[in-house]
Amino acid sequence: MTIFGIETSCDETAAAIVEDGIKEICSVVASSKEFHEKTGGIVPEIAARKQVEAMVPVIHECFEKYKELKQLKTLEDCYKNIDAVAVTVGPGLIGSLIVGIEAAKSLALFLNKPLIPVNHLIGHIYGNFIDNPQEILFPAVVLLVSGGHTDLVLMKDHGNYEYLGGTLDDAAGEAYDKVARLLGLSKYLGGALLSKKALECKENTLKGKLPRPMIDQDNFDFSFAGLKTASRRLVEENKYSSEVIAKEFEEAAVEVLVKKTIKAVKKFNVKTIMLGGGVSANNYLREEIKKEADKIGVITQIPPIRLCTDNAVYIAVAAYFNNNPRKYEEIEVNPSLGIMDLV
Ligand code: KG4
Ligand code: ZN
């Protein structure tokens, strides 16, 4: 089975072709990040317009890549190989999502193939299955950490989830981005830059100075708003270097994420932890979760870094495992989907 995936939930315009459920054949990702850096944050209208500009060229480029890789003669030969189209229907920015959904409907109609709607958050989880030769054992605890979401779920099987907890205010990625901005590292999506800055810190002389919100509470919820405010105070004190603040922030955020994830693993006696979402590209989080999971003999699955942030490969993979094709007129945008919403 060959699936053509499309992802346009935010500022990335992405297309990918996946074979046999998990084999990434080709992937194209265009981003309008530079425009949002100029405005110091995303302007949804601009993101949607950039999606319109990029969508058809990205689909075309994906087919061209496929043609070359498969050594096919014409694009028509490529079209014949596609068995289904998959598309993100939410959550995300409504204008951006609509561009991808309409493109996917047109493509499915043109190819006369089924269209499979995908929840973006579930998509992130399937980043773990891409080209992964290892069988993933269920049940698994999933920590989903992206720019807009922080959720802990128990994945019992494909399509079978139990919600354990999530953030009560800001998402982990949002906190990373806000602190990066406070430190003057980036006006937009500076999580990776903050992490890079933290690496420059030789010794965390601020250790324990920032709160680890809700860390010992008997639940699986998170809160990052207070950590963000406390970080701002540290910056305003004007006494500490950016490196040490970045380091202490990262340690505080990761400590909470790891501790609560491990607590869930123990409570539900699972054998696998899966990470997903943009923040799972964070090296410190990857190392810490693996270190703690290894101690208790639990397997950690984390997508390769390049597949942690938004792309269409995981959308196609999620569609394969949750193959629920719909008539195109039944597929609608849903900007506020949560992780528990199956589509
Ligand atoms: O999943 P994603 O690409 O988009 C959403 O669906 O939200 O996640 C983007 C988030 C941003 O907050 C970005 O700063 C964060 O992931 N991020 C990171 C890293 N790479 C991306 N945060 C910390 N460390 C990183 N290396
Ligand atoms: Zn995402």
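Residues numbered from 1 in each chain as written. Chains lettered and ligands numbered in written order. Predicted model: local features only at pLDDT ≥ 70, side-chain atom pairs only at ≥ 80, totals over all residues. Heavy atoms only, no water.

Focus on the packing of helix α6 (residues 172-182) against helix α8 (residues 225-236)
It is at 10 Å that the axes of α6 and α8 come closest, and there the two elements cross at 15 degrees. Put simply, α6 runs roughly parallel to α8. The crossing of α6 and α8 is right-handed. Side by side, α6 and α8 meet where K178, V179 and L182 of the first sit next to K228, S231, R232 and V235 of the second. (Axes fitted to C-alpha atoms, helices over the stretch in contact; angles between N-to-C directions. Helix = DSSP H or I, 4+ residues; strand = E, 2+ residues; numbered from the N terminus. Parallel < 35°, antiparallel > 145°, perpendicular 65-115°, else oblique. Left-handed = near helix turned anticlockwise from the far one by under 90°. Contact = heavy atoms within 4.5 Å.)

Some thoughts on the site of ligand 1
Around ligand 1, the surrounding shell holds 18 residues, and the nearest of these are H124, G147, D177, G278 and N282. Between an oxygen atom of ligand 1 and a side-chain N or O atom of H124, the distance comes to 2.9 Å. In the environment of ligand 1, an oxygen atom lies 3.0 Å from a nitrogen or oxygen atom belonging to the backbone of G278. Coverage of ligand 1 by the protein amounts to 87% of the 550 Å² it exposes when considered alone. The set of elements that each furnish at least two residues to the shell around ligand 1 consists of α5 (120-125), α6 and α7 (191-199). Split by residue class, the shell around ligand 1 holds 5 nonpolar, 11 polar and 2 charged. (Near = heavy atom within 4 Å. Polar contact = N/O pair within 3.5 Å; in protein donor to acceptor, adjacent residues only side chain to side chain. Areas by Shrake-Rupley, 256 points an atom, 1.4 Å probe, with all protein chains shown as cover. Nonpolar A, V, L, I, M, F, W, Y, C, P; charged D, E, K, R; others polar.)

Describing α6
The set of residues buried in α6 consists of A172, G173, A175, Y176, D177, V179 and A180. Elements in contact with the buried residues of α6: β6 (140-145), β7 (150-157), α7, α8 and α9 (242-268). Downstream of α6 by a residue or two, G184 has a phi angle that is positive, lying close to 70 degrees. (Buried < 20%, exposed > 50% of the residue type's maximum accessible area, 1.4 Å probe, protein only.)

Section: the nonpolar core
By size, the foremost hydrophobic cluster in this structure holds 46 residues, and its most contacted members are L152, L194, F224, F249, L257, I273 and L285. Where this core is concerned, the elements lending two or more residues are β6, β7, α6, α7, α8, α9, β9 (272-276) and α10 (283-295). If one sorts the elements of this core by residue count, α9 sits on top with 13 residues. Not counting chain neighbours up to four residues away, the residues in contact with F224 comprise T150, T167, D169, D170, A171, A172, A175, A253 and L257. (Core = buried A, V, L, I, M, F, W, Y, C linked by side-chain atoms within 4.5 Å.)

Digging into the pairing of strand β2 (residues 12-19)
Within β2, 8 of the 8 residues are buried, leaving the element largely enclosed by the surrounding structure. Along β2, one buried face is formed by E12, A14, A16 and V18 and the opposite face, lined by T13, A15, I17 and E19, is buried too. When strand β1 (residues 2-7) meets β2, the two strands line up antiparallel, connected through 6 bridges. Its bridge partner lying in β2, I3 is registered against V18. Where β2 meets strand β3 (residues 23-31), 8 bridges bridge the pair, whose relative direction is antiparallel. Within the sheet, the bridge partner assigned to I17 lies in β3 and is C26. (Pairing = 2+ DSSP bridges.)

Thoughts on the sheet that holds β9
Pairing between sheet strands relies on hydrogen bonds along the backbone, with the strands arranged either parallel or antiparallel. Ordered by their spatial adjacency, 5 strands build an open sheet running β8-β7-β6-β9-β10, and the pairing between neighbours is mixed. Whereas interior strands pair on both sides, the edge strands pair on one side only; in this sheet they are β8 (160-166) and β10 (299-301). With direction set aside, neighbouring strand axes in the sheet form an average angle of 25 degrees.

Brief notes about the packing of aromatic side chains
Counted by the stated rule, this structure contains 10 aromatic pairs. Summarising the aromatic geometry, the rings of Y126 and F321 are spaced 5.5 Å apart at their centres and angled 20 degrees between planes, so their arrangement reads as stacked. Within this pair, whereas Y126 is found in the loop between α5 and β6, its partner F321 is found in helix α11 (residues 313-321), the two being separated by 195 residues in sequence. You can call Y126 buried: its relative accessible area is 0%. Overall, F321 belongs to the partly exposed group, its relative accessible area being 25%. An angle of 10 degrees between the planes, with centres 6.1 Å apart, marks the rings of F222 and F224 as stacked. The exposure classification of F222 matches that of F224, with both residues buried. Every member of this aromatic cluster is reached through a ring pair, and the members are F4, F63, Y79 and F110. Directly above the ring of F35 sits K50, whose terminal nitrogen or CZ lies 3.9 Å from the centroid. (Phe/Tyr/Trp six-rings, centres within 6.5 Å; stacked < 30°, edge-to-face > 60°. Lys NZ or Arg CZ within 6 Å of the ring centre and 35° of its normal.)

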